[in-house]
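Here is how the chains run, residue by residue.
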Amino acid sequence: MIDHVLGRPSVQFRKIQVLAVVSFWSFYLFKYVPHFQLWNLLIVSRGNPHGPPTIRKLSRRLSKLLTPWQTLVVTLLYLYIARNLGKLLGLECPEPLANLYTRSYFRATWVTTAMDAGFWTAMRIRRKWMRDLASMVFTLYYLIAAEQADEKVRKVRAMLTLDHLRVSWNKGTTPYLSFISSLLRPRFMRYPPRAIRIPRPPNSDYKEPVNGWLYFDGPLSALKKHTKIVLDIPGGGFVAMDPRTNDDKLFAWAGKTGLPVLSLDYRKAPEYPYPYALNECFDVYNTIIASRGRCLGFSGEVIPKVIITGDSAGGSLATGLVLMIVESGSTETRQYLGQAPLPIPDGLILIYPGLDMNIGNWMSDEQMALIKDRRTRKTNRNIIRRKSMQYTMAAGTPHQSDDEDGSPPKVLSPPSLGLPALNVPANKPLSEFSTANQAPISVQSSNITQRRRSSGSHHPEPLKTRLTVSSMISYFNDRILTPEMMRAMIILYIGPHNRPDFSQDYILSPVLAPDSVLAQFPKTYFLTGERDPLVDDTVIFAGRLRRAKAAKHLADQASDIRLRREFDDRDVVEVALIPGISHGFLQFVGIFPEGWKHIFRCGRWIEEIFAAAEEKDMNAEILTPASGLALHHQRRRTESSGDEDPGLEMSMSSRSKGKGDTRRRKERLLREQLQDSIAKQETENKGKPKRQKSMVSLASEDDLLGRRMLGLAGPLTGRGDDGLVDD
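Scoring rules and cut-offs
Residues numbered from 1 in each chain as written. Predicted model: local features only at pLDDT ≥ 70, side-chain atom pairs only at ≥ 80, totals over all residues. Heavy atoms only, no water. Helix = DSSP H or I, 4+ residues; strand = E, 2+ residues; numbered from the N terminus. Buried < 20%, exposed > 50% of the residue type's maximum accessible area, 1.4 Å probe, protein only. Contact = heavy atoms within 4.5 Å. Areas by Shrake-Rupley, 256 points an atom, 1.4 Å probe, with all protein chains shown as cover. Axes fitted to C-alpha atoms, helices over the stretch in contact; angles between N-to-C directions. Parallel < 35°, antiparallel > 145°, perpendicular 65-115°, else oblique. Left-handed = near helix turned anticlockwise from the far one by under 90°. Nonpolar A, V, L, I, M, F, W, Y, C, P; charged D, E, K, R; others polar. Core = buried A, V, L, I, M, F, W, Y, C linked by side-chain atoms within 4.5 Å. Polar contact = N/O pair within 3.5 Å; in protein donor to acceptor, adjacent residues only side chain to side chain. Pairing = 2+ DSSP bridges. Right-handed = clockwise from strand over helix to strand, strands pointing away. Arc of directions from axis to C-beta. pLDDT = per-residue confidence, 0-100. Salt bridge = Lys/Arg side-chain N within 4 Å of Asp/Glu carboxyl O. Phe/Tyr/Trp six-rings, centres within 6.5 Å; stacked < 30°, edge-to-face > 60°. Lys NZ or Arg CZ within 6 Å of the ring centre and 35° of its normal.

A.B. asks: Hey, could you go over the overall build of the protein chain for me, with residue numbers and the actual values?
C.D. replies: Summing up its helical and strand segments, the protein chain has 26 helices and 10 strands in all. Here the protein chain holds 727 residues, and 48% of them are scored as buried. Taking the contacts inside the protein chain whose residues are at least 6 apart along the sequence as the reference set, 76% of them involve residues at least 24 apart. By element, 57% of the accessible surface of the protein chain is carried by carbon and sulfur atoms, the whole surface being about 38,200 Å².

Have a look at this one:
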């Protein structure tokens, strides 16, 4: 148990533990038993209490020197030494988890493993109060007997059932653990979460309302003042975990941001297999938009801004939901069925998501190209290093692979555009980005046949990237998420009467989504541990989003020369990979205190997304004639006389204090933009001869844009057209 307490599993620590136990009890015996008589302590034989006739006399003498308690201690000490003789002699196998996790995360997994073993041991007890109490008692036992807990969990996971998954993942809602969690959690809210039911939209195939929990630090009447909502989809392998198992992060988000957070209690598999839960999420989003938030208690004056979040399996549902939103009303069939286009959510936050239902072994060249992209190499450097060292660790040689990391792999597609290697239309799913769907067998066989025709000997494939395995296989002995658990979750989620095409169904496996759909995604944030078996899903999907957005940016620049801003991938995707930790670290922050800072980071992301959305709306109102102010007159302008137009006449009567503050912010922002544009123009024209003004020639793009902005809102700034007229 000492190595578990120290957070670093080690053979040396176990050897020290054995020596410490032996030394303690040996000192105890030496203190109360004469030294010269210790060698006479033997195992008592059956029959006569003093053993066979040859040693009865000696046994009688020893019985006068040793009490029954001392005899018991000597016996147990002997058995302990015999059991751990391999540790003392250095014959134990190396510890595979020695340097996999940080100390704090390993300590947390030690506690979760003990709880899993304890709850699984007591799960067959029928009476609930007795089962809950026995679960805690067994958990305390397995905290001390850590190796027995590891063995218990290993055996159970080899033969997982639905009951095992639900007992393990729903244990946070049991009375004792729930009480302990509430004591360890800071108080973020004064109001408890409220159960809520969201009705289905009229065009839905289902009629049952969707259950959820609304986290909001305020009375229900205060919701009328809100126009923003965080829509959270909790994880749990599609089979377990309601929103109350995520109280820590939901309380923190609602309390820190002051925003309402709606967490969905979608129906679980296998009772409701794929795609029932996904349709529930889509119907909730549809209802929120259609009712303008009235279903949540909002005033309904404007369409609310929405951020979608999801962790683990909830991250898969959240990504699939955004895919469905992007495609809503995109075809004539969908429009005929009454499905109208839905507004894209303002942001997407994915926490250790599972985005590929194909559990594969090997990484493809396309996947490695995404991971090794020069723009993300700094973020993914530890993942690249570990994948490059897989051969080194297996071979046990000091071979270096830095040369491979230093040069980008040979890919068949332009890295700037992110197009697939195969000639596939942009609106088709891309199976080459899945770990289980590599190049078609027919293509591989034809290439091998052509090479063999030119030579009678067999030669290996040309090296593009070093052979590497997926993260699911690299971390198959993870203490939180194992391949056996993934297999059970996928089988239960799909159901016995469904056979989807894993190479084409990108709603099920979002990593396969076509570029044309990914290009319409909102800004997406990822939070994943570097040692997570699902970390490849994060880095591959983030790389695909970057490439799709970069290709769209290039296409927009080609069609509009005014778009001169360079592509910045931070405007599209932000990825945070936490070193030394694995899956589910936001679920047990009570025993993993470092998880709080990651919860608060997600809260800051929420505030950043809404702030960026407000700034975008403000800029759109400034640049759009219909800006919300009373428009009385608009005079048509010509392209060559922008300096003669006095602009629009707008009513300056203040309707309310809030609108006056908004107008002043717009004026301040517009003045700053105009001043920057003027300063830039003066810098560029400094030292150049002034040219005569012509009514025929057009001004520069920046100057023309400044004139147009001033023409739209000249009365607001008080500058008129003076600021841009040449001397």
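A.B. asks: Any chance you could break down the packing of helix H6 (residues 103–122) against helix H9 (residues 162–169) for me, citing the residues and the numbers?
C.D. replies: Packed helices, taken two at a time, are described by the angle their axes make and the gap between the axes. Axis separation between H6 and H9 bottoms out at 9 Å; the angle between their running directions is 125°. Considered as vectors, H6 and H9 are oriented oblique to each other. Every pair of crossing elements has a handedness; the one defined by H6 and H9 is right-handed. Residue-level inspection shows Asp 116, Phe 119 and Trp 120 of H6 in contact with H9, the latter providing His 164, Val 167 and Ser 168. Grouping the constituent residues of the contact of H6 with H9 by class yields three nonpolar, two polar and one charged.

A.B. asks: Requested: an account of the nonpolar core, with residues and values cited.
C.D. replies: Counting 99 residues, the largest nonpolar core has Leu 262 and Ile 308 as its most contacted members. In terms of residues, this core owes the most to one element, helix H13 (residues 313–327), which gives nine residues.

A.B. asks: How would you explain the side chain of Glu 327 if you had to name every residue and give the values?
C.D. replies: Following the sequence through the fold, Glu 327 ends up in helix H13. Polar contacts involving the side chain of Glu 327 include one to the side chain of Tyr 506, which spans 2.3 Å.

A.B. asks: Describe the packing of helix H7 (residues 128–144) against helix H8 (residues 146–158), listing the residues and the values that go with them.
C.D. replies: The N-to-C vectors of H7 and H8 enclose an angle of 115°; their axes lie 5 Å apart at closest approach. Between H7 and H8, the angle falls in the class roughly perpendicular. Two secondary-structure elements touch here, H7 through Tyr 141, Tyr 142, Leu 143 and Ile 144 and H8 through Ala 146, Gln 148, Ala 149 and Lys 152.

A.B. asks: Account for unusual backbone geometry, naming residues and giving values.
C.D. replies: Put simply, Ala 269 and Pro 270 share a cis peptide bond, and its omega is 0°. Inspection of the secondary structure assignment puts Pro 270 in the loop between strand S4 (261–264) and helix H12 (276–290). Of the consecutive residues Tyr 274 and Pro 275, the connecting peptide bond is found in the cis state with omega at 5°. On the secondary structure map, Pro 275 appears in the loop between S4 and H12. Of note in this structure, Tyr 352 is not a glycine but carries a positive phi near 30°. With respect to the secondary-structure elements, Tyr 352 resides in the loop between strand S6 (347–351) and helix H15 (365–371).

A.B. asks: Any details on the sheet that holds strand S1 (residues 194–198)? Residues and values, ideally.
C.D. replies: With respect to topology, eight strands assemble into an open sheet ordered S1-S2-S4-S3-S5-S6-S7-S8, the strand pairing being mixed. Strands with a single pairing partner mark the edges of an open sheet, and in this sheet they are S1 and strand S8 (573–578). The average angle at which neighbouring strand axes cross in this sheet is 20°, direction not considered. Here five bridges tie S1 to strand S2 (residues 210–215), and the two strands are oriented antiparallel to one another. Residue pairing for S2: Ile 198 is matched across the bridge by Val 210. Contacts from H13 reach strand S3 (228–233), strand S5 (305–311) and S6, with the element oriented near 145° to S5.

A.B. asks: Give me the lowdown on the pairing of S3, citing residues and values where you can.
C.D. replies: Counting buried residues in S3 gives six out of six residues, a clear majority hidden from the surface. Because side chains alternate across S3, one face comprises the buried residues Lys 228, Val 230 and Asp 232, and the other comprises Ile 229, Leu 231 and Ile 233, equally buried. Bridge analysis of S3 against S5 gives six bridges, and the strand direction is parallel. Across the sheet, the residue bridging to Leu 231 is Ile 308, located in S5. Two elements, S3 and S4, share three bridges in a ladder whose sense is parallel. Its bridge partner being in S4, Leu 231 is matched across the sheet by Leu 262. A crossover connection joins S3 to the parallel S4 through helix H11 (residues 247–257); in handedness this β-α-β unit is right-handed.

A.B. asks: Break down H9 for me, citing the residues and quoting the values.
C.D. replies: An α-helical turn contains 3.6 residues, so a residue and the one three or four places further along point in the same direction. Leu 162, His 164, Leu 165, Ser 168 and Trp 169 are the residues of H9 that are buried. One side of H9 holds all its buried residues, which, seen down the axis, span an arc of 165°. The secondary structure elements touched by the buried residues of H9 are H6, H8 and helix H21 (483–494).

A.B. asks: Got a sec to walk through the confidence of the model for the protein chain? Specific residues and values, please.
C.D. replies: Taken as a whole, the protein chain shows an average pLDDT of 77; of its residues, 65% reach a score of 70 or greater. Every residue in residues 439–445 scores below 50 in pLDDT, and together they form two contacts with partners more than four places removed in sequence or on other chains. In the predicted structure, residues 707–727 sits below a pLDDT of 50 and forms 46 contacts with residues beyond four places in sequence or in another chain.

A.B. asks: Outline the pattern of salt bridges, listing residues and values.
C.D. replies: Inspection of every chain in the model, using the stated rule, returns 23 salt bridges. Residue Arg 154 is joined to Glu 151 by a salt bridge in which the shortest nitrogen-to-oxygen separation is 2.4 Å. Taken together, the residues span about one helical turn, with Arg 154 and Glu 151 both in helix H8 at a distance of three residues. Glu 151 gets classed as partly exposed once you look at its relative accessible area, which sits at 33%. With a shortest N-O distance of 3.2 Å, Lys 268 and Asp 265 are connected by a salt bridge.

A.B. asks: Give me the environment of Phe 588: which residues, what numbers.
C.D. replies: Locating Phe 588 in the fold gives a position in the loop between S8 and helix H24 (595–623). With near-sequence residues (within four places) excluded, Phe 588 lies in contact with Tyr 105, Ala 108, Thr 112, Ile 480 and His 583.

A.B. asks: Tell me about the environment of Ser 23, residues and numbers included.
C.D. replies: Along the polypeptide, Ser 23 turns up in helix H2 (residues 11–32). On the basis of relative accessible area, Ser 23 is assigned to the partly exposed category, the value being 45%. Here the side chain of Ser 23 touches Leu 19 through a polar contact of 2.6 Å, landing on its backbone oxygen.

A.B. asks: Just give me the short version of the packing of aromatic side chains, but keep the residues and values in it.
C.D. replies: Scanning the model with the defined rule gives 17 aromatic pairs in all. Measuring from ring centre to ring centre gives 6.4 Å for Phe 588 and Phe 592, while their planes differ by 65°; the resulting arrangement is edge-to-face. Each member of the pair Phe 588 and Phe 592 is classed as buried. In this structure an aromatic cluster arises from ring pairing among Tyr 101, Tyr 105, Phe 588 and Phe 592. Between Lys 256 and the ring centre of Phe 600, over which it is positioned, the NZ or CZ distance is 5.1 Å. The ring of Tyr 266 carries Lys 268 above its face, with NZ or CZ at 4.4 Å from the centroid.

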